[in-house]
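Commentary on secondary and tertiary structure
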Amino acid sequence: MSQSASQTVNSGSNQLLEVSAREAAYLAGHGGVIVDVRDEQAFRHRHIKGAIHIPLEELREIAQDCTSLADHDKAVILYCQDGKKSALGAELLNDLGFTHACFLKGGFPHWELEALPFTSPE
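Conventions and cut-offs
Residues numbered from 1 in each chain as written. Predicted model: local features only at pLDDT ≥ 70, side-chain atom pairs only at ≥ 80, totals over all residues. Heavy atoms only, no water. Helix = DSSP H or I, 4+ residues; strand = E, 2+ residues; numbered from the N terminus. Expected span 1.5 Å × (residues − 1). Buried < 20%, exposed > 50% of the residue type's maximum accessible area, 1.4 Å probe, protein only. Salt bridge = Lys/Arg side-chain N within 4 Å of Asp/Glu carboxyl O. pLDDT = per-residue confidence, 0-100. Contact = heavy atoms within 4.5 Å.

Once that is clear, we can look at helix H4 (residues 84-95). Between its first and last C-alpha, H4 extends 17 Å over twelve residues, near the 16 Å set by a 1.5 Å rise per residue. Of the positions making up H4, those classed as buried are Ser-86, Ala-87, Gly-89, Ala-90, Glu-91, Leu-92 and Leu-93. Positive backbone phi, approximately 100°, marks Gly-97, located one or two places after H4.

Taken as a whole and assessed by the stated rule, the structure comprises four salt bridges. Where Glu-114 meets Arg-22, a salt bridge forms, and the shortest distance between an N and an O atom there is 3.0 Å. You can see Glu-114 sitting in the loop between helix H5 (108-113) and strand S8 (118-119) and its partner Arg-22 sitting in helix H1 (residues 21-29), a full 92 residues away along the chain. On the basis of relative accessibility, which here comes to 33%, the residue Glu-114 falls in the partly exposed class. Residue classification places Arg-22 among the partly exposed residues on the basis of a relative accessible area of 46%. The salt bridge partner of Glu-112 is Arg-46, with a shortest N-O separation of 3.1 Å. With a gap of 66 residues between them, Glu-112 in helix H5 and Arg-46 in the loop between helix H2 (40-45) and strand S4 (47-48) connect regions that are remote in the sequence. By relative accessible area, which is 24% here, Arg-46 ends up partly exposed.

Detailed reading of the predicted model is not advised wherever pLDDT is low. Looking at the protein, pLDDT values average 86 and 86% of them are 70 or higher. Within the protein, strand S6 (residues 76-79) carries the highest mean pLDDT (97), whereas strand S1 (residues 7-11) carries the lowest (50). Below pLDDT 50 for its whole length, residues 8-13 participates in eleven contacts with residues either more than four positions away or in separate chains.

Quick look at the structure:
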C-alpha cells in the first residue's frame with residue numbers, strides 16, 4: 001500500500017489508518033473485507049460492490065460472530081457517507097483486536113469519484 005495516499009489518523013489512544021478509494025479497492029482485491037456501516041436505506045440505495053452491511057450501531061455485537069471477519073489479521077475496510085462513522089468503526093475494531101482495520105477517506109462519494117464498482121437500483 002502506498003504510504004503517500006494512506007494517512008494515519010490519531011484517535012484517542014489509537015492510530016487509525018485512513019485509505020484512499022484505490023487503496024481500499026486494492027486491499028479488497030487481495031483478501032480484505034469491505035464493510036458498509038451506513039443505515040439499511042443507504043446500503044440498499046447504493047453500496048460498494050461486494051461490501052457486507054453492518055450498521056455502526058451493531059458493529060461491536062456482530063463483529064465477534066461474523067464469519068467474514070473471523071480473521072482478525074485480515075484487512076477490514078469500513079466506509080460510510082463521509083468517513084466519520086467509519087473512523088469510529090475502525091477504532092472499535094482495533095479495540096476488539098482487529099490489527100488491520102481502516103476506513104475509507106471521504107466515504108462512499110470518494111469511491112464513486114474514482115469510478116470504482118458499486119451497486120445501485122436498476
